[in-house]
Amino acid sequence: MKKIVIIDGHNLLFRMFYGIPASIKNELGQEIKGVIGFIGSIKKIIETFTPYSIIVIFDSETSKTNNLKWDKNYKANRKNYETVPEPENPFSQLPLIKKALNFLNIFYEEVIENEADDYIASIITQQKNYEFTIVSTDTDFFQLIDNRITLYIPRGKKSHLYTIEELYKKYSILPNQYVLFKSLTGDKSDNIKGINGIGIITAAKIASCNSIENFLLNKQNEKIKEKLMQNKETIEKNQKLIEMNRNLDTKKVTFHPLNKEKLNLKTLEIIKKSTTNAFKLKS
């Protein structure tokens, strides 16, 4: 099978924009540190995995989420970037990033009516003749791992490639048990509250039974059983929030073979060649 790398574009953009402390501007005064970090990361990812093709899926600045029908507080802790000034706004980097991706002939899609993670889940579920590596620090992607899908979490020297086996080593659960596991522990980044008194170890024991019902059939700690019964609706709601939609229309997605000649250029050369503006750095 040909290997495809899918990059969670929103995730990578924010990590690069906020991970590079110094301001880097072009001669027009535009902040471009996010662009430099983004394209440099893509080159490094390609060197690491040598895929047939790479694609990038972005959330939009105003992406809508269907999960709000389950919980109005879902992701309510996220900043609204529509009012953030351009120099401080990661989304201001997108036009130049898209030009660079076009130059490299790398397919990208900015998802408007859904979330990028659902779109990624739909691509890898529907395209069964490829192997996929998802690049993101979003651990919700654990639920998608199988024999042809891996998750690469880039964290510098602590970067890790997760397979079924590696996920089991970490949490003692399988990918199809992750949604239940996460519904019990919660997710601060998405403003999803877990169940008080149920930690990672207990959540893993419950999830390994594949359902709350299966866990309750066994002789278990009565306090834990009581917590599960009292919070049944919350757990079910959390599962709906965490589980990814795998049925979106992804027909427009195209896997272009990598253009090695262009990718061999230095990052700044790629950015310069992808825009009509002369390129000069200012600190």
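These numbers come from a predicted model, not from an experiment.

Engineer: Explain the sheet that holds strand β1 (residues 2-8) residue by residue, including any values.
Structural biologist: Taken in spatial order, the 6 strands of this open sheet run β3-β2-β1-β4-β5-β6, and their pairing is mixed. At either margin of the open sheet sits one strand with a lone partner, and together these are β3 (107-111) and β6 (160-162). Averaged over all pairs of adjacent strands, the angle between strand axes in this sheet comes to 20 degrees, irrespective of strand direction. With 3 bridges joining them, strand β5 (residues 149-153) and β6 adopt antiparallel strand pairing. Across the sheet, residue L151 finds its bridge partner in β6, namely Y162. Contacts from helix α4 (residues 116-126) reach β1, β2 (53-59), β3, β4 (130-135) and β5, with the element oriented near 150 degrees to β2.

Engineer: Describe the confidence of the model for the protein chain, naming the residues involved and giving the relevant values.
Structural biologist: Overall, the predicted model of the protein chain reaches an average pLDDT of 89, with 90% of residues at or above 70. Counting contacts from residues 67-72, a segment whose pLDDT is below 50, to residues more than four positions away or on other chains yields 10 contacts.

Engineer: Can you explain the pattern of salt bridges? Please cite residues and give values.
Structural biologist: Throughout the structure, instances matching the rule amount to 5 salt bridges. The partner of E110 in a salt bridge is K98, with the nearest N and O atoms 2.3 Å apart. Remark: K98 occurs in helix α3 (residues 94-103) and E110 occurs in strand β3; sequence separation between them is 12 residues. E166 is the partner of K169 in a salt bridge, and the nearest nitrogen-oxygen pair spans 3.2 Å. Taken as a pair, K169 and E166 lie in helix α5 (residues 164-171) at a separation of 3 residues, close to a single helical turn. One salt-bridge network, held together by shared partners, links D140, K182 and D187.

Definitions and cut-offs
Residues numbered from 1 in each chain as written. Predicted model: local features only at pLDDT ≥ 70, side-chain atom pairs only at ≥ 80, totals over all residues. Heavy atoms only, no water. Pairing = 2+ DSSP bridges. Helix = DSSP H or I, 4+ residues; strand = E, 2+ residues; numbered from the N terminus. Axes fitted to C-alpha atoms, helices over the stretch in contact; angles between N-to-C directions. Contact = heavy atoms within 4.5 Å. pLDDT = per-residue confidence, 0-100. Salt bridge = Lys/Arg side-chain N within 4 Å of Asp/Glu carboxyl O.

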